[in-house]
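Breakdown of the fold
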Amino acid sequence: MTKILQINDLFAGLEEKELLHGISLNIKPGETHILMGPNGAGKSTLGHVIMGNPSYEVTSGQILFEGEDITELSADKRAKKGIFLSFQSPIEVPGITLSNFLRSVIESNPDRHAEILNFKDRLEENMKVLKMDPKYAKRDLNVGFSGGEKKKAEILQLLMLNPKLAILDETDSGLDVDAMKTILSGVERFQKDKTRAMIIITHNTKILEKVHFDKIHVLVDGKIAKSGGAEIIDEINKSGFEGYLADKK
Ligand SMILES: Nc1ncnc2c1ncn2[C@@H]1O[C@H](COP(=O)(O)OP(=O)(O)O)[C@@H](O)[C@H]1O
Ligand SMILES: [Mg+2]
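Residues numbered from 1 in each chain as written. Chains lettered and ligands numbered in written order. Predicted model: local features only at pLDDT ≥ 70, side-chain atom pairs only at ≥ 80, totals over all residues.

1. Some words on the overall build of the protein chain
Put simply, the rule is: Runs of H or I in DSSP of at least four residues are treated as helices and runs of E of at least two as strands, each being numbered from the N terminus. The size measure is the radius of gyration over C-alpha atoms, and the globule rule it meets is 2.2 Å times the number of residues to the 0.38 power. The exposure label follows from counting other C-beta atoms within 10 Å of a residue's C-beta, where the C-beta atoms are placed from the backbone and the thresholds are 20 or more for buried and 12 or fewer for exposed, leaving partly exposed in between. The contact criterion used is a C-beta to C-beta distance within 7 Å, with each C-beta placed from the backbone.
When you go through the protein chain residue by residue, the secondary structure sums to 8 helices and 12 strands. For a compact globule of 249 residues, the expected C-alpha radius of gyration is about 18 Å, and the protein chain comes in at 18 Å, within 12% of that figure. Based on the C-alpha atoms only, the size of the protein chain along its principal axes is roughly 55 × 40 × 35 Å. Counting only residues that meet the buried cut, the protein chain has 35% of its 249 residues in that class. Put simply, of all contacts in the protein chain between residues at least 6 apart along the chain, 70% involve residues at least 24 apart.

2. Concerning the environment of Leu85
Assignment of secondary structure puts Leu85 in strand S6 (residues 83–86). In this structure, the C-alpha to C-alpha distance between Leu85 and Ile50, residues 35 residues apart in sequence, is 8.8 Å. Apart from the residues lying within four places of it in its own chain, the contact partners of Leu85 are Gly47, Met51, Ile167 and Asp169.

3. Examining the sheet that holds strand S4 (residues 57–65)
Two strands in a sheet stick together by hydrogen bonds in their backbones, pointing the same way (parallel) or opposite ways (antiparallel). Stated formally: When DSSP finds two or more bridges between two strands, those strands count as paired. Between the N-to-C directions of two axes lies an angle of 0 to 180 degrees, each axis being a line fitted to C-alpha atoms and, for a helix, fitted only over the stretch in contact.
Pairing within the open sheet is antiparallel, and its 4 strands lie in the order S2-S1-S4-S5. Strands with a single pairing partner mark the edges of an open sheet, and in this sheet they are strand S2 (17–27) and strand S5 (68–69). Judged from the 2 bridges that link them, S4 and S5 form a sheet pairing that is antiparallel. Counterpart to Leu64 in the pairing with S5 is Asp69. Sheet contacts for helix H1 (residues 43–51): strand S1 (5–14), S2 and S4; angle to S2, the most-contacted strand, approximately 70°.

4. Comments concerning unusual backbone geometry
Phi angles above zero are rare outside glycine, and Asn142 is one such case at about 65°. Relative to the helices and strands, Asn142 is located in the loop between strand S8 (140–141) and helix H5 (147–161). Look at Asn142 and you get buried, because 20 C-beta atoms sit within 10 Å. The residue Glu170 is not glycine, and still its phi comes out positive at about 55°.

5. Some thoughts on the packing of H5 against helix H6 (residues 177–191)
Quick note on the threshold: Small angles under 35 degrees read as roughly parallel and large ones over 145 as roughly antiparallel, with 65 to 115 read as roughly perpendicular and the rest as oblique. Ten residues, namely Ala, Val, Leu, Ile, Met, Phe, Trp, Tyr, Cys and Pro, are considered nonpolar, four, namely Asp, Glu, Lys and Arg, are considered charged, and the remaining ones, Gly among them, are considered polar.
For the pair H5 and H6, interaxial distance at closest approach is 10 Å and the crossing angle is 10°. As the angle between them shows, H5 and H6 are arranged roughly parallel. Each of Gly148, Lys151, Lys152, Ile155, Leu158 and Leu159 in H5 lies in contact with H6, whose residues at this interface are Ala179, Thr182, Ile183, Gly186, Arg189 and Phe190. Grouping the constituent residues of the contact of H5 with H6 by class yields 6 nonpolar, 3 polar and 3 charged.

6. Topic: the site of ligand 1
Formally: Any residue qualifies as near a molecule or strand once its backbone-derived C-beta atom lies within 6 Å of it.
In the neighbourhood of ligand 1, the contacting residues comprise Leu14, Leu19, Gly37, Asn39, Gly40, Ala41, Gly42, Lys43, Ser44 and Thr45. Among the elements that take part in the shell around ligand 1, H1 stands out by supplying 3 residues, more than any other. For the shell around ligand 1, a count of residues per class yields 3 nonpolar, 6 polar and 1 charged.

7. Here we look at the nonpolar core
Most often, soluble globular proteins keep nonpolar side chains buried together rather than apart. For the record, the criterion: A set of buried residues drawn from Ala, Val, Leu, Ile, Met, Phe, Trp, Tyr and Cys, joined through C-beta atoms within 7 Å, is what defines a nonpolar core.
In terms of nonpolar packing, the biggest core is built from 56 residues, with Leu156, Leu165, Ile167 and Val218 touching the most fellow members. In terms of residue count, the dominant contributor to this core is H5 (6 residues). Those residues in contact with Ile167 that lie beyond four places of it in its chain are Gly47, Ile50, Met51, Phe84, Leu85, Ser86 and Ile199.

No statement about biological role is implied by the geometric values presented.
Rendered as structure tokens:
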């Protein structure tokens, strides 16, 4: 089976500072991988580097998407190929409504023009799943949205754009129980399509009881300190991330 994402011994960071020191990762269609680790470990950096954020520089290693080397590709081209990154702090975009934003992203991709026909129905349906007031579609993107509403808007983008690879960066943080449940139902909906894959970056081992996943990776100090299954949750709950820090010394 072709991998959706293959990362080979990736070294990357900011111009003046290497932040990722040899990351390798393989993700197949239908899989959800969890990325955990302490603050400052480089989790968001990895998300940005996979997305092709130009602020970061890859110094060696490769990122392959569906078998194609995309290491040098622009973020825009990666997005069109089907990579999606939800931001830890979604930006407010005055002057563009949520609905128009989504429509323009779909319209800008010639492969997706057919989706414009049922855009409104899909938008309504997905907003219902996320328990979003339909009025939000007409509001400026994220402007004046509460933290929880911004996160819902991110998941709405996920469902509308249906990327091949979705990276959710701490989408679960700062949510109350009800909003969390709603967000997770959106995640589940996305996971139903087994041609898609997902990376969930989180701090919270609790949500791992509620979401389906295939693998957990613990990122510490720009390296994957451990990869494995659900047994890692107990390790983290017991010894925190410090256990992995000690392992490395
Ligand atoms: N734009 C930036 N300028 C300076 N330092 C940064 C920048 N982005 C990230 N860093 C640093 O890189 C390290 C990794 O950050 P990040 O990837 O955000 O960690 P995580 O998401 O795991 O908390 C941190 O030490 C952080 O301070
Ligand atoms: Mg982060």
